[in-house]
Amino acid sequence: MSDSILQFWWVLPLVAALLAYKFVLQVFFGMIIVPDDRIGLVVKKFTLYGDKRLPDGRIIAIQGEAGMQAKPLAPGLYWRLWPWQYTITMEHFTVIPQDKLGLVKAKDGAPMDTGRVLGKPVACDKFQDAQAFLENNGQKGPQAAFLTPGSYRINTFLFEIEMVPITRIQENKVGIVTTLDGEPLDKGEIAGGSVAGHRNYQDPMAFIQSGGKKGLQEDVILAGTYYLNPWFAIVEQVEMIHIHIGYVGVVNSFVGPEGTDTSGIGFTHGNIVKKF
């Protein structure tokens, strides 16, 4: 028998011993190792004590019930996670590229407020703490908050992430904005008026809490890059209007309060309202 074959046979018992050792640690001591670039999603098959069942309508466990667990395993070494009681699924971190946004949809949580289409932000470490999201009454469905470029430990049992491009308004264009959430437009109005604090529609809840109206907006966004949630705001880019030298631009407004004609008797081409 050649030297290479002898070396091969020498290694086999060592490999078998290591495998048996790992098997013993996993089965009898419940050892789980989560790699540095993963999180461990936990499913508890049954509870050892008591009758802990998930409340009706819930799919994620936050109090030790049997089922999918809100709290994942961070990278590291764990014990007492026996395979006959727990199933551990290794999941890669969620990585949002530099030119994308991560839209978040929660599969469990409190009901959405009446008339709203987006869930209110709650403290949950950018959706990395599923337990806190549920305990703080995070709402089920599409979320107003979103993930900016970066790496996140997201429990995909609870959250579904959809990546979309960031919004870029080109030079010599403006963005016409239509919001999909907010208060109803006033009777007779076709566009919502200006509200402060929403950072060019990048903060949906600030817009809503300031009384922003749902629908077409008076305010536009100028050339630049924006983190806009397309579940909240739809943007149409249009060319800027250029007024040539020697000409004036006559503006006909379709929004705002009813104006009083100031044109005088001799003007017969329409109504002229006071200057704003």
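See the structure shown above.
Read on for a plain summary of the structure. (Residues numbered from 1 in each chain as written. Predicted model: local features only at pLDDT ≥ 70, side-chain atom pairs only at ≥ 80, totals over all residues. Heavy atoms only, no water.)

1. Description of the sheet that holds strand 11 (residues 159–165)
The line we're drawing: By the convention used here, strands pair only if DSSP detects at least 2 bridges between them. Each helix corresponds to a stretch of at least 4 residues labelled H or I by DSSP, and each strand to a stretch of at least 2 residues labelled E; elements are numbered beginning at the N terminus. Think of each axis as a best-fit line through the C-alpha atoms, taken over the contacting stretch in the case of a helix, with angles from 0 to 180 degrees between the N-to-C directions.
Strand order in the open sheet made by the three strands is 9-8-11, with antiparallel pairing throughout. In this open sheet, the two strands that pair with only one neighbour each are strand 9 (141–147) and strand 11. On average, each strand axis in the sheet is inclined to that of its neighbour by 30°, with strand direction left out of account. Looking at chain direction, strand 8 (residues 100–106) and strand 9 are connected through four bridges and run antiparallel. Its bridge partner being in strand 9, L103 is matched across the sheet by F146.

2. Here's the deal with the environment of E65
This is how the line gets drawn: Here a residue-residue contact requires only that any non-hydrogen atoms of the pair lie within 4.5 Å. Identification of polar contacts relies on pairs of N or O atoms within 3.5 Å, with a donor-acceptor requirement for protein atoms, meaning one able to donate a hydrogen and the other able to accept it, and with residues adjacent in sequence counted only if both atoms are side-chain atoms.
Relative to the helices and strands, E65 resides in the loop between strand 3 (60–61) and strand 4 (67–69). Along the chain, E65 and K44 lie 21 residues apart, while their C-alpha atoms are 7.6 Å from each other. Setting aside anything within four residues of it in sequence, one finds E65 in contact with K44, T47, K52, R53, L54 and P55. At 3.3 Å, the side chain of E65 forms a polar contact with the backbone nitrogen of I62. Side-chain polar atoms of E65 contact the backbone nitrogen of Q63, separated by 2.9 Å.

3. Some remarks on the sheet that holds strand 3
Strand order in the open sheet formed by four strands is 3-4-2-6, with mixed pairing between adjacent strands. At either margin of the open sheet sits one strand with a lone partner, and together these are strand 3 and strand 6 (86–92).

4. Concerning a nonpolar patch on the surface
This is how it is decided: Within this analysis, patches are made of residues with over 30% relative accessible area and no salt bridge. Like charges are joined at 9 Å or less; nonpolar side chains (Val, Leu, Ile, Met, Phe, Trp, Tyr) at 5 Å or less. The method behind every accessible area is Shrake-Rupley, applied with a 1.4 Å probe, and residues are considered shielded solely by the protein chains displayed. Between Lys or Arg on one side and Asp or Glu on the other, a salt bridge is scored when a side-chain nitrogen of the former is within 4 Å of a carboxyl oxygen of the latter.
On the surface, F46, L48, Y49 and W84 cluster together into a nonpolar patch covering about 480 Å² of accessible area. If you trace the backbone, W84 turns up in the loop between strand 5 (76–78) and strand 6.

5. Details of the pattern of salt bridges
For clarity, the threshold we go by: Partly exposed residues are those whose accessible area sits between 20% and 50% of the maximum for their type, while under 20% is buried and over 50% is exposed, using a 1.4 Å probe and protein chains only.
This structure, assessed with the given rule, holds six salt bridges. A salt bridge links D37 to R38; the nearest nitrogen and oxygen atoms lie 3.8 Å apart. Judged by its relative accessible area of 43%, D37 falls in the partly exposed class. As a salt-bridge pair, D181 and R116 come within 3.3 Å of each other at their nearest N and O atoms. Here D181, found in the loop between strand 13 (173–179) and helix 3 (204–209), pairs with R116, found in the loop between strand 8 and helix 2 (130–135); they are 65 residues apart in sequence, far enough to count as distant. Since its relative accessible area comes to 23%, R116 is described here as partly exposed. It is possible to trace a salt-bridge network through shared partners that takes in R116, D181 and E183.

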